[in-house]
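Read off the chains here:
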Amino acid sequence: MALTGLDIFKLLPKKNCKECGQATCLAFAMALAASKTSLDKCPYVSEEAKETLGGASAPPIKLVKVGKGDKEREMGDEVVLFRHDKAFYHPTCFAIEISDKLTGAELDAKIEKINGLVFERVGQKVSVDFAAVRNESGNADTFAAAVKEVAAKCNFALVLISTDPDAMAKALEVAGDTNPLIYCATVENYEKMVELAKKYSCPLAVRGNGLEETAALVEKVSASYKELVIDVGTNQLSQALAELTQTRRLSIKKKFRPFGYPVISFTSKDNPLDEVIEASVFVAKYASAVVLKADEKAQILPLMALRMNIYTDPQKPSQVEPKAYAIGNVTKNSPVYVTTNFSLTYYTVEGEVSGSKIPAYIISCPTDGISVLTGWAAGKFTPDKITEFIKACGIEELVDHRNLVIPGAVAVIKGALEEKSGWKVIVGPSEASGIPSFAKTHFA
Amino acid sequence: MPVQTIKERNAGKVGVVTIGATQEQGGTRTSVVKIGGESSLPFLHFEGEMPNKPVIAMEVVDRVPEEWNDEVKNAFTGVLDNPVAWAKKCVEGCGADLIFLRLQSADPELGNKSPEDCVKTVKDVLAAVGVPLAVVGCGVDEVDNKIIPAVAEACAGENLLLGFASQENYNTIVAACMVHKHNLIAQTPLDINICKQLNILITEMGLTADKIVLDTNIGGLGYGIEYAYSILERGRLGTLQGDRMLAMPTLGTVGFEAWKAKEANVSIEEFPGWGEQKERGILWEAMTATALLQSGLDLLVMRHPEAVKLVQKNIADLMEPSSV
Ligand code: B12
Ligand code: SF4
């Protein structure tokens, strides 16, 4: 049961020494109740208080790691139901399925394909997270053989899918040291699966059939093992949404322990496009991992973008440092583009300017990380502000000419900007994608 | 083990807006569309009602949209220069619930069509399809203030959905909706307070809340959708807590936003790392829609038939009952 700030306060040392980073013990207690800090920040809590508070101060959803080294991913440790309340922290992991019926060249090709699911978008490198090997053959040795290949050749951590403890044992013999996610413990096999998970200290997925069975099973398993991921086992989308919503609500609002773990979901559709659409619901609503069969770049990229969006911090837009950036081998005659310092805007423009193959400067004006039109409407990307930054950023020493390209979306500022800055203003295209052809006609 | 699930008892709910009118109701539509009515967050059937499923309006433009992506244009080969045939194709071929007609050629730079011409286009489309219509202007306020009232008057009885009313420009269009009994799209720039304020201004003029659909503005996938997502979600939560000035159903121009994204448009030759363009573009549009369905869109304005199909299936799946 969740404790209130006052309940917690009663158990604290009341030294008000600030070592926990909070102004008072009471403030620390409040922060603990809201899961905004952790008990270990206070060096003076008694063992007794730790016992009592341990449960209450643990994060509502446990942080669970899969994989090792570069391949490691973290799941869980979310603290809110809605991203606007704070933020979502650990982006949904995508696992792509591989059948253990594949062998030889076919298996290699599949691994290659999954290794290729790495993307560059707006200045960031993103990729899928896991390869999920499914024991479709039903044969333990076949499973182990496939797992061994994938572990050796795939750039991502593993999810091992089999409900047969013997098959899982064999697979773990070859890949247990890579910290794979064992999928899964069920009502029938959980004792053996827990043994395996303990033996290799790997995270274990627990699958029930609906909320009640899942909670009961997690309760049993967690008595002896706590590196868990849960699957409520539901296929139908609206029912799955209902259950995912409940697991998140119960863990956050009630600290209901059996659901205090990351949740994994599987797509149920056969057509990859339908699968990807189904997965979009899971990204928005509370899945920490999604397993899917779709594996084409064109199918996965949209999911990558959605995940980046849903898991950005709504409080502070990501920004680039405001300055004059040199793109390519610039000279004193290189063209100059002006934009804002919102990361998304800057990198979109940067991608196109470098794609144009004509070296240039990009000035990213300080707009507190907002887009071109938002900045213009909010008075942060105006002729005055742009002029001020042209003078401050040093571009007037870097180039000999005085020609400035502005985004087409703010064509209206041309006159005023020319007057204020003394630069000649050229209205560029309204979408950054128009920059390469624009550059060719104007600067080649 | 028994699980004590949490079911929210919400004080408020989204109002219902009816678009279109059948013969008995004074119009000529063979079907009408109702949106809104939810008393929970989207698709949480276990704790609230969702009496009307989200609907898809397909976008039709009264001029050939040369600037559109080729894949979208290819889906409408032979009808792009003919809004009547285009609209028919959307209804008969794709199962569009409504037609969203943009009177772009009224723009002085895109054809400078007269209000009479615009009225004729709307009438022709009405005659060709049985579904309700949303009609919006070209985005130039002075022009829209002439064509939208003309359309409102000529189509009295049809219970259209007309747009856009904004903070800067709402008087004329609100008056036109009131006099000729149509519905209105109230558009605001991603700001809950401005949204409420505009709704107050509009309802004070006398247009009732059950005639207003909100466009709180969306961004496409990868380009601002996170803000739109949270604004819609906050709006819905406010509604459920009883805020009546937010309690209108919502609309989003999904196709318009999604197809602006570079990821929807560039060819595989240019960006081999992003895969085949057609599928990528279709998914970009479909996912812009399905993500925003999760935060509370009621009416999706879309373009590509394949994207529409994917979203129709998603809506059908999500409208299945659930219980916890
Ligand atoms: C997300 C968003 C917000 C977010 C801000 C997010 C952010 N970090 O910027 C929030 C919710 C905070 C917001 C707030 C407001 N917003 Co706002 N917002 C949007 C939205 C949906 C998307 C903007 C976006 O991120 N676009 C993506 C980026 C990449 O686009 P971009 O910067 O323009 O860059 C593109 C091009 O311009 C071009 N480009 C960029 N730089 C350059 C440079 C050169 C040289 C060239 C050639 C091209 C180029 O390349 C990019 C890709 O093509 C738009 C509507 C829409 N759907 O577009 C409204 C919009 C921009 N907002 C608007 C407004 C009015 C506001 C507010 C002022 C409302 C208010 N509260 O009063 C506030 C201001 C906030 C403040 N005070 O700081 C209006 C602007 C109206 C106008 N035409 O002036 C818009 C258009 C909405 C609308 N239709 O009314 N907004
Ligand atoms: S560190 Fe402990 S004792 Fe010191 S102020 Fe914080 S809670 Fe109180």
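Residues numbered from 1 in each chain as written. Chains lettered and ligands numbered in written order. Predicted model: local features only at pLDDT ≥ 70, side-chain atom pairs only at ≥ 80, totals over all residues. Heavy atoms only, no water.

**Some details on the overall build of chain A**
Here is step 1 of the chain: When you go through chain A residue by residue, the secondary structure sums to 17 helices and 17 strands.
Here is step 2 of the chain: Across its three principal axes, chain A shows a C-alpha extent of roughly 75 × 65 × 35 Å.
Here is step 3 of the chain: With 444 residues in all, chain A has 56% of them scored as buried.
Here is step 4 of the chain: By sequence separation, contacts in chain A at least 24 residues apart represent 65% of the contacts at least 6 residues apart.
Here is step 5 of the chain: Of the accessible surface of chain A, which amounts to about 18,200 Å², a share of 51% is contributed by carbon and sulfur atoms.
Here is step 6 of the chain: Separation of charge centres in chain A, based on 52 positive and 54 negative side chains, amounts to 5 Å. (Helix = DSSP H or I, 4+ residues; strand = E, 2+ residues; numbered from the N terminus. Buried < 20%, exposed > 50% of the residue type's maximum accessible area, 1.4 Å probe, protein only. Contact = heavy atoms within 4.5 Å. Areas by Shrake-Rupley, 256 points an atom, 1.4 Å probe, with all protein chains shown as cover. Lys, Arg positive; Asp, Glu negative; His and termini not counted. Charge placed at Lys NZ, Arg CZ, Asp CG, Glu CD.)

**As for the interface of chain B and chain A**
It is common to give the size of an interface as the accessible area lost on bringing the parts into contact.
Here is step 1 of the chain: On the side of chain A, 54 residues touch chain B, which itself brings 54 residues to the contact.
Here is step 2 of the chain: For the pair chain B and chain A, the two sides together bury roughly 4,700 Å², of which 63% comes from carbon and sulfur.
Here is step 3 of the chain: With a closest N to O distance of 2.7 Å, Arg249 of chain A and Glu47 of chain B form a salt bridge.
Here is step 4 of the chain: Scanning the region where chain B abuts chain A turns up 20 residue pairs in polar contact (both at pLDDT 80 or more).
Here is step 5 of the chain: Taken together, the residues that form the side of chain B that touches chain A break down as 26 nonpolar, 13 polar and 15 charged. (Buried area = accessible area lost by both parts, 1.4 Å probe. Salt bridge = Lys/Arg side-chain N within 4 Å of Asp/Glu carboxyl O. Polar contact = N/O pair within 3.5 Å; in protein donor to acceptor, adjacent residues only side chain to side chain. Nonpolar A, V, L, I, M, F, W, Y, C, P; charged D, E, K, R; others polar.)

**Some thoughts on the domain arrangement of chain A**
Here is step 1 of the chain: Domain boundaries in chain A define domain 1 (5-57), domain 2 (63-311) and domain 3 (324-443).
Here is step 2 of the chain: Here the C-alpha centre of domain 2 of chain A lies 34 Å away from the C-alpha centre of domain 1 of chain A. (Domains from an automatic or database assignment.)

**Let's talk about the environment of Ile202 of chain B**
Here is step 1 of the chain: With respect to the element layout, Ile202 of chain B can be found in helix α6 (residues 192-205).
Here is step 2 of the chain: On the accessibility criterion, Ile202 of chain B (0% relative accessible area) is buried.

**A closer look at the site of ligand 2**
All names here are of chain A.
Here is step 1 of the chain: Pro13, Lys15, Asn16, Cys17, Lys18, Glu19, Cys20, Cys25, Phe28, Cys42 and Pro43 make up every residue found near ligand 2.
Here is step 2 of the chain: Placement of ligand 2 is best described as lying within the second largest cavity.
Here is step 3 of the chain: When its residues are assigned to classes, the shell around ligand 2 shows 7 nonpolar, 1 polar and 3 charged. (Near = heavy atom within 4 Å. 1 Å grid on protein atoms, 1.4 Å probe; cavity = no way out; pocket = protein on both sides within 12 Å on 5 of 7 lines; lining within 4 Å. Sits in = over half its atoms within 2 Å of the grid points.)

**Thoughts on the sheet that holds strand β12 (residues 289-292) of chain A**
Residues and elements named next belong to chain A.
Here is step 1 of the chain: In space, the 8 strands of this open sheet follow the order β10-β9-β8-β7-β6-β3-β12-β11, with parallel pairing throughout. Sheet topology places β10 (228-231) and β11 (264-266) at the edges, where each strand pairs with a single neighbour. Each strand axis lies, on average, 25° off the axis of its neighbour in the sheet, ignoring direction.
Here is step 2 of the chain: As paired strands, strand β3 (residues 93-99) and β12 are joined by 4 bridges and run parallel to one another. (Pairing = 2+ DSSP bridges. Axes fitted to C-alpha atoms, helices over the stretch in contact; angles between N-to-C directions.)

**Brief notes about empty space enclosed by the protein**
Residues and elements named next belong to chain B.
Here is step 1 of the chain: Scanning all chains against the criterion turns up 5 cavities of 30 Å³ or more.
Here is step 2 of the chain: Considered as a void within the structure, the largest cavity measures approximately 120 Å³ in volume.
Here is step 3 of the chain: Surrounding the largest cavity, 14 residues form its lining, Leu232, Gly235, Arg236, Leu246 and Thr250 being those nearest its centre.
Here is step 4 of the chain: Broken down by secondary-structure element, the contributors of at least two residues to the lining of the largest cavity are α6 and α7 (225-240).
Here is step 5 of the chain: Among the elements that make up the lining of the largest cavity, the one with the highest residue count is α7 (5 residues). (Points joined across faces, edges and corners; volume = space filled by probe spheres on them.)

**Considerations on the UniProt feature "binding site: 5-methoxybenzimidazolylcob(I)amide" (unreviewed entry) in chain A**
Residue and element names in this part refer to chain A.
Here is step 1 of the chain: Look at the UniProt record and you will see "binding site: 5-methoxybenzimidazolylcob(I)amide" (unreviewed entry) annotated at Thr339, Thr345, Gly369, Ile370, Ser371, Val372 and Ala432.
Here is step 2 of the chain: Its location among the elements puts Ser371 in the loop between β15 (360-365) and α13 (372-377).
Here is step 3 of the chain: When neighbours within four sequence positions are excluded, Ser371 is seen to be in contact with Thr340, Phe342 and Thr345.
Here is step 4 of the chain: Of the polar contacts made by the side chain of Ser371, one reaches the side chain of Thr374; its length is 2.8 Å.
Here is step 5 of the chain: Mapped onto the fold, Ala432 is located in the loop between β17 (424-427) and α17 (435-443). (UniProt positions renumbered as here; feature names shortened; annotations may be inferred.)

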